[in-house]
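# Topology and contacts: notes
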Amino acid sequence: MEFLWLFIIYVTFLVISISAFCLLSGRSRNSLDRFLHRIDKVLHHVLPSWLQRYYMGCFQTRSGAFVILHLLLDLLVFAEYSWECVGYSLELEISQIFILLPYTLIILNLYFFYQCCAKDPGIVTKQKEALYVQIYEYDGVFFFPGNKCPTCQLTKPARSKHCSVCGVCVHRFDHHCVWVNNCIGALNIRYFLIYLFSLTLTVISLAAVISRFLLKVVFLSHMMSAAYIDLDGHEQMVNIVFVVQHLFLTFPRILFLLGFLFILVLILGGYSCFLLYLCFTNQTSNEWYKSRRVNAHKGYSRGILINIKDIFQPPDIVKRD
Ligand SMILES: [Zn+2]
Ligand SMILES: [Zn+2]
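Residues numbered from 1 in each chain as written. Chains lettered and ligands numbered in written order. Predicted model: local features only at pLDDT ≥ 70, side-chain atom pairs only at ≥ 80, totals over all residues. Heavy atoms only, no water.

### Here we look at the coordination of the zinc ion (ligand 2)
This is how the line gets drawn: For Na, K and Ca the donor cut-off is 3.2 Å, while for other metals it is 2.8 Å, and in both cases only N, O and S atoms qualify; water is not among them, so sites may look incomplete. Under this scheme a four-donor centre is tetrahedral when all angles range from 85 to 135 degrees, a four-donor centre is square planar and a six-donor centre octahedral when opposite donors are above 155 degrees with the rest from 65 to 115, and any other centre is irregular.
Within the protein, C163 (SG), C166 (SG), H176 (ND1) and C183 (SG) serve as the donor atoms for the zinc ion (ligand 2), at 2.1 to 2.3 Å. Given 4 donor atoms and angles of 98 to 121 degrees at the metal, the environment of the zinc ion (ligand 2) is assigned as tetrahedral.

Below, the structure written as structure tokens:
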């Protein structure tokens, strides 16, 4: 029974987290915005008013709810890793550097997570409006000169977009990320990239240590060469399914954690590759989405090296206050 409850909680948790991640980490995609708008409308009729206020607070205005959830997930994963895996792995004489690597990576990751949350993404203000307008040329396809944001009442620089969650226009707008509770734009995209890569590496390193530990358990116990008596009384050689079942019953939490980490590696790895592609081609997520419909759009690419420099060393004019 305990096993079943753990499994139900696990599946619910995975479905909620992954759906939230996919739906809410990038609200720049227009069709997604429309889809979320429809959900908002339905919820407006269904939810009681106190729950509506909470929902609005979490998803439609800037809110630290996902930042707290992110930190809580980090804490839970590392608590389980430290509680069960580290002790066993040390007993099995797995390299200490290998075991400590996830801790080093998560410290690096938390530093860049903080930078993403705290740094100005490139908010267009009255003082900076004229400077931002000079940075990129208007392409005449997605961005036109002289356009004013109806909310901010400021001239929209090329590659900027108004974020409805933050209520500001952001220069070289990529997307609004609920996990860092901030827009990702010209001035913090470099921190976001390092944050995402370090998070992917943290998850890979955790999965690698846990896999190494489980493999060592299997080899040291000579499980694969053992036999068992089935329900009909016949002797059967142990196969991989039997080993996985045995590991599930012996280390249920570690196996659940490993499954969760594998799913995260796929999601984060895929998203990292996508952002790397955008970085190499000097596109924002917002422009990438729009350019799928407009073949004539040339974009802002000026060669891989200059494109990377554009992100990691934004033009000096941007840095000026
Ligand atoms: Zn605006
Ligand atoms: Zn925003």
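Still more to cover.
### Considerations on the side chain of R190
Formally: Numbering of helices and strands starts at the N terminus; helices are DSSP runs of H or I of at least 4 residues and strands are runs of E of at least 2. Identification of polar contacts relies on pairs of N or O atoms within 3.5 Å, with a donor-acceptor requirement for protein atoms, meaning one able to donate a hydrogen and the other able to accept it, and with residues adjacent in sequence counted only if both atoms are side-chain atoms. It only takes one pair of heavy atoms within 4.5 Å for two residues to be counted as in contact.
As for its placement among the helices and strands, R190 is situated in helix 7 (residues 189–220). At 3.5 Å, the side chain of R190 and the side chain of Y191 are in polar contact. Sequence-distant contacts of R190, that is, excluding residues within four places in its chain, are made with I311, F312 and P314.

### Notes on the coordination of the zinc ion (ligand 1)
For the zinc ion (ligand 1), the full set of protein donor atoms is C149 (SG), C152 (SG), H162 (ND1) and C169 (SG), and the range of their distances to it is 2.0 to 2.3 Å. Angles of 101 to 119 degrees at the metal separate the 4 donor atoms of the zinc ion (ligand 1), which places the site in the tetrahedral class.

### Considering the state of the cysteines
This is how it is decided: The rule for a disulfide is simple: a pair of cysteine sulfur atoms within 2.5 Å.
Within this structure, the stated rule accounts for 0 disulfides. Between C116, a free cysteine, and C117, which holds the nearest cysteine sulfur, the sulfur-to-sulfur gap is 6.7 Å.

### Some details on unusual backbone geometry
In most cases, non-glycine residues show a negative phi, while peptide bonds are predominantly trans. Filter applied, for reference: Residue burial is assigned from relative accessible area. The probe radius is 1.4 Å, only protein chains are included, and a residue is buried under 20% of its type maximum, exposed over 50%, and partly exposed in between.
Non-glycine residue Q153 carries a positive phi angle of around 60 degrees. Position of Q153 relative to the elements: it lies in the loop between helix 6 (129–135) and strand 1 (161–163). Phi at R172 takes a positive value of approximately 50 degrees, unusual for a residue other than glycine. One can find R172 in the loop between strand 2 (168–170) and strand 3 (175–177). Note on R172: relative accessible area 2%, which makes it buried.

### Details of the UniProt feature "transmembrane region" (unreviewed entry) in the protein chain
Keep this limit in mind: UniProt positions are given in the numbering used here, feature names are shortened, and annotations may be inferred rather than shown by experiment.
Feature annotation in UniProt assigns "transmembrane region" (unreviewed entry) to the following positions: residues 6–24, 63–83, 95–114, 192–215 and 254–280. The distance separating the terminal C-alpha atoms of residues 63–83 is 31 Å; by composition the span is 90% helix and 0% strand. Annotated as residues 192–215, this span is 100% helix and 0% strand, and its ends, taken at the C-alpha atoms, are 34 Å apart.

### So, the nonpolar core
What counts is decided by this rule: Remark: nonpolar core denotes a set of buried residues (Ala, Val, Leu, Ile, Met, Phe, Trp, Tyr, Cys) joined through side-chain atoms within 4.5 Å.
Formed by 55 residues in total, the largest nonpolar core has its most connected members in Y81, Y195, I210 and L214. Looking at this core, the elements that each hand over two or more residues are helix 1 (2–24), helix 4 (65–91), helix 5 (96–118), helix 7, helix 8 (240–250) and helix 9 (252–280). Setting aside anything within four residues of it in sequence, one finds Y81 in contact with V86, I99, P102, Y103, L206, V209, I210 and L257. Within the second largest apolar cluster, 13 residues are counted, among which are I135, Y136, F142 and A158.

### Thoughts on the packing of aromatic side chains
Heads up, the rule is: Paired rings are identified among Phe, Tyr and Trp, the last through its six-membered ring, by centres lying within 6.5 Å, and are further divided according to the angle between planes into stacked (under 30 degrees), edge-to-face (over 60) and tilted (the rest).
Applying the stated criterion across every chain, the model contains 16 aromatic pairs. Summarising the aromatic geometry, the rings of Y111 and F112 are spaced 5.0 Å apart at their centres and angled 80 degrees between planes, so their arrangement reads as edge-to-face. Its relative accessible area of 46% is what places Y111 among the partly exposed residues. With a relative accessible area of 12%, F112 lands in the buried category. Seen in terms of ring centroids, F274 and W288 are 4.9 Å apart; in terms of plane orientation they differ by 75 degrees. Their pairing is edge-to-face. Taken together, the positions of F274 in helix 9 and W288 in helix 10 (residues 285–291) put the pair 14 residues apart, joining distant regions of the chain. Since its relative accessible area comes to 19%, F274 is described here as buried.

### Quick notes on the pattern of salt bridges
Rules: Salt bridges are defined as contacts in which a side-chain nitrogen from Lys or Arg sits within 4 Å of a carboxyl oxygen from Asp or Glu.
Using the criterion set out here, one finds 6 salt bridges in the structure. Ionic pairing is found between E84 and R253, a salt bridge with its closest N-O pair at 3.4 Å. A residue pair is termed long-range when its members are at least 10 positions apart, and E84 in helix 4 and R253 in helix 9 qualify at 169 residues. Classification of E84 as buried rests on a relative accessible area of 13%. The class of R253 is partly exposed, set by a relative accessible area of 40%. Across the salt bridge formed by D120 and K128, the nearest N and O atoms sit 3.5 Å from each other. Exposure remark for K128: the relative accessible area of 13% places this residue in the buried category. A single network of salt bridges, built from pairs that share partners, joins E80, E84 and R253.

### Some thoughts on the confidence of the model for the protein chain
Selection rule: Here pLDDT means the predictor's own confidence in every residue, given as a number from 0 to 100.
Taken over all residues, the pLDDT of the protein chain has a mean of 85, while the share at 70 or more is 84%. Mean pLDDT across the secondary structure elements of the protein chain bottoms out at helix 12 (residues 316–319), with 56, and peaks at helix 5, with 96.

### Comments concerning the layout of surface pockets
Threshold: Of the two site types, the cavity is a set of points on a 1 Å grid over the protein atoms alone where a 1.4 Å probe fits but cannot get out, and the pocket is an open set with protein on both sides within 12 Å along at least five of seven lines, each lined by residues with an atom within 4 Å of a point. Grid points are joined across faces, edges and corners, and a volume is the space filled by probe spheres set on the points. Side-chain classes are defined by residue name, with Ala, Val, Leu, Ile, Met, Phe, Trp, Tyr, Cys and Pro counting as nonpolar, Asp, Glu, Lys and Arg as charged, and the others, Gly among them, as polar.
As a volume, the largest pocket reaches approximately 390 Å³. Considering the residues around the largest pocket, the lining is formed by 12 residues, among which Y10, F13, L76, F256 and L257 are closest to the centre. Contributions of two or more residues to the lining of the largest pocket are made by helix 1, helix 4 and helix 9. Taken together, the residues that form the lining of the largest pocket break down as 10 nonpolar, no polar and 2 charged.

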